[in-house]
Amino acid sequence: MKRIILAYSGGLDTSCAVRWLKENGWQVICFVADLGQGEDFNAIQQRALAAGAVKVYIKDLQDEFLEDFVVPALKANAIYEGRYLLATALARPLIAKYLVEMAHKEKAQAVAHGCTGKGNDQVRFEVSISILDPKLEIVAPVRVWEFKSREEEIEYAKRWNIPIEVTKKRPYSIDRNIWGVSIEAGVLEDLEVEPPEDAYLITKSPTLQATYPKYIEIYFEKGVPKRLDGKVYKLKTLVNHLNVIGGLYGVGRSDLIENRLLGIKSREIYEAPAATILYTGHKELESLVLDREFLHFKELISLKYAELVYYGLWYSPLKEALDAFVNSTQRYVTGSIRLKLFKGNCVAVGRRSKYSLYKKELATYGRQDIFDQKLAEGFIRLWGLPYKR
Ligand code: ARG
């Protein structure tokens, strides 16, 4: 019998996919990636088996996700269209890697995912898989099956006794991991409507905040966050802490009309408290320790890096080359940034680094000034020289 490895989330689409694949002659093995989505993995396993899977693998990939996918993006300051910190996009190439590994281990000739034919994730999965093993067949049930609505899928699940939690219509489509939450559909499709509070999962409304701001200090070493308020933490613990703290102060929400890879504009809201705090701190530290040309050039790379992540090109040669560049930029990105969290904002208010290029005796307007102002005259004349007629 032909074997297939399905990236299984436990949701309606992938649960129906298990059965549908089975009905289409596949022996289905489910792979569940624990990326910090905070689900009941026991229930997920039971559901996969009830749907007809022969085996279910659940693997905690949080550390690998943070170290090998999130940290490179953080070092690169990769942000898509100014506001999306890429939580969903970064997770796909990692899941793809495990689907391929699992296929080899289980001698399966195909892998499957539950993405629709309209989004970015199908591209990320399939391009990654085809780079990692061009011989693997890829099946995307949701793109080809006969169901035309969620209701029909629910019918199908009921018919096959698949225990689906959401018989009542869940209003949003949500993708969550430790780096952030992506929320779309439902009332969010009406662009004139402000996202209702109930759409947000991990952040409190900025208007319901405490009267006082919260100050935190983050220490980075070569671009990697290591300490919070002086205490050393494992990356996963640090990010979890920052999600809680940031979430309490309403930090890291965004509401974005975004350009998908397939040409569709869509509206998605995001929550990324820890990511927002760490990006803000990291960028602030770079401002302090990188010289002007280096910093400005790196900004161009950030844009390209974010595009590559968003476009599903994580395993491309260009992305690998950019990683080498970005890593070399991080040599002096060591130091502490103090941040103020208040009513949805996160701003840097203090900075310190042994590699700081800030020289107070040059910048000051006070007595200690050592800058020879007479030098400016010649500089300005030469700077303007090319424009003289
Ligand atoms: N628009 C985001 C991206 O392309 C998130 C996609 C998944 N969103 C969701 N709500 N399921 O990376």
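Before reading further, recall that the structure is shown in the block above.
Basis of the calculations
Residues numbered from 1 in each chain as written. Predicted model: local features only at pLDDT ≥ 70, side-chain atom pairs only at ≥ 80, totals over all residues. Heavy atoms only, no water. Core = buried A, V, L, I, M, F, W, Y, C linked by side-chain atoms within 4.5 Å. Buried < 20%, exposed > 50% of the residue type's maximum accessible area, 1.4 Å probe, protein only. Helix = DSSP H or I, 4+ residues; strand = E, 2+ residues; numbered from the N terminus. Contact = heavy atoms within 4.5 Å. Pairing = 2+ DSSP bridges. Salt bridge = Lys/Arg side-chain N within 4 Å of Asp/Glu carboxyl O. Near = heavy atom within 4 Å. Polar contact = N/O pair within 3.5 Å; in protein donor to acceptor, adjacent residues only side chain to side chain. Areas by Shrake-Rupley, 256 points an atom, 1.4 Å probe, with all protein chains shown as cover. Nonpolar A, V, L, I, M, F, W, Y, C, P; charged D, E, K, R; others polar. Phe/Tyr/Trp six-rings, centres within 6.5 Å; stacked < 30°, edge-to-face > 60°. Lys NZ or Arg CZ within 6 Å of the ring centre and 35° of its normal. Axes fitted to C-alpha atoms, helices over the stretch in contact; angles between N-to-C directions.

Asks: Quick question: what am I supposed to make of the nonpolar core here?
Replies: Buried together is how nonpolar side chains tend to be arranged in soluble globular proteins. By size, the foremost hydrophobic cluster in this structure holds 81 residues, and its most contacted members are F65, L86 and W179. At 12 residues, helix α4 (residues 87-105) tops the list of elements feeding residues into this core. Beyond its immediate sequence surroundings of up to four residues, L86 is in contact with A78, I79, Y80, A306, V309 and Y310. Membership of the second largest hydrophobic core comes to 30 residues, among which are I4, F41, I162 and I164.

Asks: What should I look at first to understand the pairing of strand β8 (residues 214-221) in this one?
Replies: Each regular strand displays side chains that alternate between the two surfaces of the sheet. As defined by bridge partners, β8 adjoins strand β13 (residues 335-342) across 7 bridges and the pair is classed as antiparallel. The residue bridging Y215 from the neighbouring strand is K340, located in β13. Bridging between β8 and strand β9 (residues 224-228) involves 4 bridges; their strand directions are antiparallel. Note that in β9 the partner of I218 across the bridge is L228. Linkage of β8 to β9, two consecutive antiparallel strands, is achieved through a turn of 2 residues, within which K222 is found at a positive phi near 45 degrees.

Asks: What's the story with the pattern of salt bridges in this structure? I'm lost.
Replies: Oppositely charged side chains may form a pair once their charged atoms are brought near each other. All told, the structure shown has 21 salt bridges when counted by the stated rule. The partner of E106 in a salt bridge is K55, with the nearest N and O atoms 2.8 Å apart. In this pair, E106 is assigned in the loop between α4 and β4 (110-112) and K55 in strand β3 (residues 55-60), connecting sequence segments 51 residues apart. The exposure class of E106 is buried, given its relative accessible area of 7%. Residue K55 is classed as partly exposed on the basis of its relative accessible area, which comes to 32%. Note that D121 and R124 form a salt bridge whose closest N and O atoms lie 2.6 Å from each other. Residue D121 and its partner R124 are both found in helix α5 (residues 121-132); the two are separated by 3 residues, about one turn of the helix. Classification of R124 as buried rests on a relative accessible area of 3%.

Asks: Before we go on, may I ask you to explain the site of the ligand in this structure?
Replies: In the vicinity of the ligand lie 16 residues, with Y84, N120, R124, S173 and E258 positioned nearest. At 2.6 Å from a nitrogen atom of the ligand is found a side-chain nitrogen or oxygen belonging to E258. Between a nitrogen atom of the ligand and a side-chain N or O atom of E268, the distance comes to 2.8 Å. Burial of the ligand by the protein chains amounts to 91% of its free accessible area of 350 Å². Elements with a minimum of two residues in the shell around the ligand: α4, α5, β6 (173-177), β7 (180-184) and β12 (265-271). Looking at the shell around the ligand residue by residue, the class counts come to 6 nonpolar, 4 polar and 6 charged.

Asks: How should the packing of aromatic side chains be read in this particular structure?
Replies: Between two aromatic rings, the relevant description is the distance of the centres plus the angle of the planes. Taken as a whole and assessed by the stated rule, the structure comprises 17 aromatic pairs. Arranged with centres 5.0 Å apart and planes meeting at 25 degrees, the rings of F69 and W314 form a pair that is stacked. One end of the pair, F69, is in helix α3 (residues 62-76); the other, W314, is in the loop between α10 (292-310) and α11 (317-329), with 245 residues separating them in the sequence. With respect to burial, F69 and W314 carry one shared label: buried. The ring of Y310 has R124 lying over it, and the distance from NZ or CZ to the ring centre is 4.9 Å. The cationic tip of R253 hangs over the ring face of Y200; the distance from NZ or CZ to the ring centre is 3.6 Å.

Asks: When you look at the sheet that holds strand β2 (residues 26-34) in this model, what are you seeing that I'm missing?
Replies: Pairing between sheet strands relies on hydrogen bonds along the backbone, with the strands arranged either parallel or antiparallel. Strands sit in the order β3-β2-β1-β4-β5 across an open sheet of 5 strands; the sheet is parallel. Each edge of the open sheet carries a strand with a single partner, namely β3 and β5 (137-139). Between one strand axis and the next, the sheet turns through 25 degrees on average, direction left out of account. Pairing geometry for β2 and β3, over 6 bridges, is parallel. When the sheet's bridge partners are listed, A33 is paired in β3 with K59.

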